[in-house]
Amino acid sequence: MLKFFSRVGVLSGLLQSAVIHAFVAKENVYQNYIVARVENNIITKQQLENQWAFAQREKIVDPQAENEQKTKILNAMVEKKIIAKEFERMKGQLPENYIQKKYDSIQKKHFEGDALQFAEALHRQGQTKLSYKTYLREEAIVECMYERNVIRPNTVSPLEIQTYYDAHRPQLVQGKRFDVDQITVPKDAVETISAIKICLEKGAPYEESRRQLSQIPGINVSRMDDLSETDILPAIAEKITEMTENSFADTPVSCGDRMVFLGLRAVKNAHTPTLSEARERIESTLLDEKYQSLRQRWIDGLKKKSYYVIL
């Protein structure tokens, strides 16, 4: 009997040791995937990777500077958590059902109200319905807090505008710009695509072709003015360079699951704008710079009284 109990005791000890080891190992793995702690919240490596992937898809980061860009993204995530915590301290509240209404609006606008399609799109981005609603809530809180705590400047002096113009004249040079009409249809809309091609084959004058196209059921001719080459997709920019003014392209451009028919109304050649021409653009830039500076000053003040650490 003694031997039996002894063996049980050894087995029990081994099991206990294994459980402790598994717990420590699990804790280590969990800790390894935390990239920042903000107050009582954490930011995981997976969350950071999701934001990085999103930024790449939206082409708002340089993939060649991954580490630097990820640091900026992580800092922005930390700042949002700090702002959300301040909102909580202030006992702030969003309007009732605001997040659900925002979620439903996105689902209706981008997924034609199809909940399954929306859920699948979120899954491809490494998100769930709950995590996306958390993201929407955080975005709404940040916007609300900036509106409440940072006064947006509305004046810029003539001297500031002149000084900026003199210092940045080379950067103000405008490249070629285009006035474009665009028709986007799903690739599987065979009848609609055929109707568009038949209309274009008639070779009517530009405005008459535009009028006839707009009468095709389900067609929306979008007018876009003053587009630069950087404003448009490379495939569309390449197509535009092959076109002449006041003409529609005979063949569409393939963009994912869509076909894009293009009309080129006008081309404006590159030139250096005068101070008068650039004034509105400079004023907008300076006002934004001032606002961003005020935002950063406010968030820096919040950081001083917040607990956060980037691992």
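Everything below is about the structure printed above this text.
These remarks concern the structure in this document. The model shown is predicted, which means the values in this text are computed figures rather than measured ones.

**Structural notes on the pairing of strand β2 (residues 41-44)**
Stage number 1. For strand β1 (residues 34-38) and β2, the ladder comprises four bridges, and the chain directions are antiparallel. Looking at β2, one finds that V38 is bridged to N41.
Stage number 2. Hairpin connection, β1 to β2: the antiparallel pair is bridged by two residues, and E39 has positive phi, about 55°.

**Re the pattern of salt bridges**
Stage number 1. Inspection of every chain in the model, using the stated rule, returns 21 salt bridges.
Stage number 2. Between E49 and K70 there is a salt bridge, with the nearest N and O atoms lying 2.8 Å from each other. On the criterion of sequence distance, the pair formed by E49 in helix α2 (residues 45-57) and K70 in helix α3 (residues 66-89) is long-range, its members being 21 residues apart.
Stage number 3. The salt bridge involving K290 is made with E160; its shortest N-O contact spans 3.3 Å. Placement of K290 in helix α11 (residues 275-304) and of E160 in helix α7 (residues 158-168) is noted, with a sequence separation of 130 residues between them.

**With respect to the packing of α7 against α11**
Stage number 1. Between α7 and α11, the least distance of the axes is 9 Å, while the angle of their chain directions is 105°. Comparing their axes, α11 and α7 come out roughly perpendicular. Facing α7, whose interface residues are E160, I161, Q162, Y164 and Y165, α11 presents L275, A278, R279, I282, E283, T285, L286, E289 and K290.
Stage number 2. Taken together, the residues that form the contact of α7 with α11 break down as seven nonpolar, two polar and five charged.

**Side note on the sheet that holds strand β8 (residues 308-310)**
Stage number 1. Across the sheet, which stays open at both edges, the three strands sit in the order β2-β1-β8 with antiparallel pairing between neighbours. This sheet does not close on itself; its edge strands, each paired only once, are β2 and β8. Sheet twist, expressed as the average angle between the axes of neighbouring strands with direction ignored, equals 20°.

**A short note on the environment of K303**
Stage number 1. Relative to the elements of secondary structure, K303 occurs in helix α11.
Stage number 2. For the pair formed by K303 and I83, sequence separation is 220 residues and the distance between their alpha carbons is 9.1 Å.
Stage number 3. Beyond its immediate stretch of four places on either side in the chain, K303 contacts E79, I82 and Y308.

**Let's talk about the side chain of Q212**
Stage number 1. Checked against the element boundaries, Q212 lands in helix α9 (residues 206-214).
Stage number 2. What makes Q212 buried here is its relative accessible area of 18%.
Stage number 3. Every residue in contact with Q212, bar those within four places of it in the chain, is listed here: C199, K202 and A204.

Reading the values: the criteria
- Residues numbered from 1 in each chain as written.
- Predicted model: local features only at pLDDT ≥ 70, side-chain atom pairs only at ≥ 80, totals over all residues.
- Heavy atoms only, no water.
- Pairing = 2+ DSSP bridges.
- Helix = DSSP H or I, 4+ residues; strand = E, 2+ residues; numbered from the N terminus.
- Salt bridge = Lys/Arg side-chain N within 4 Å of Asp/Glu carboxyl O.
- Axes fitted to C-alpha atoms, helices over the stretch in contact; angles between N-to-C directions.
- Parallel < 35°, antiparallel > 145°, perpendicular 65-115°, else oblique.
- Contact = heavy atoms within 4.5 Å.
- Nonpolar A, V, L, I, M, F, W, Y, C, P; charged D, E, K, R; others polar.
- Buried < 20%, exposed > 50% of the residue type's maximum accessible area, 1.4 Å probe, protein only.

Everything listed here is a matter of geometry and, on its own, says nothing about what the molecule does.
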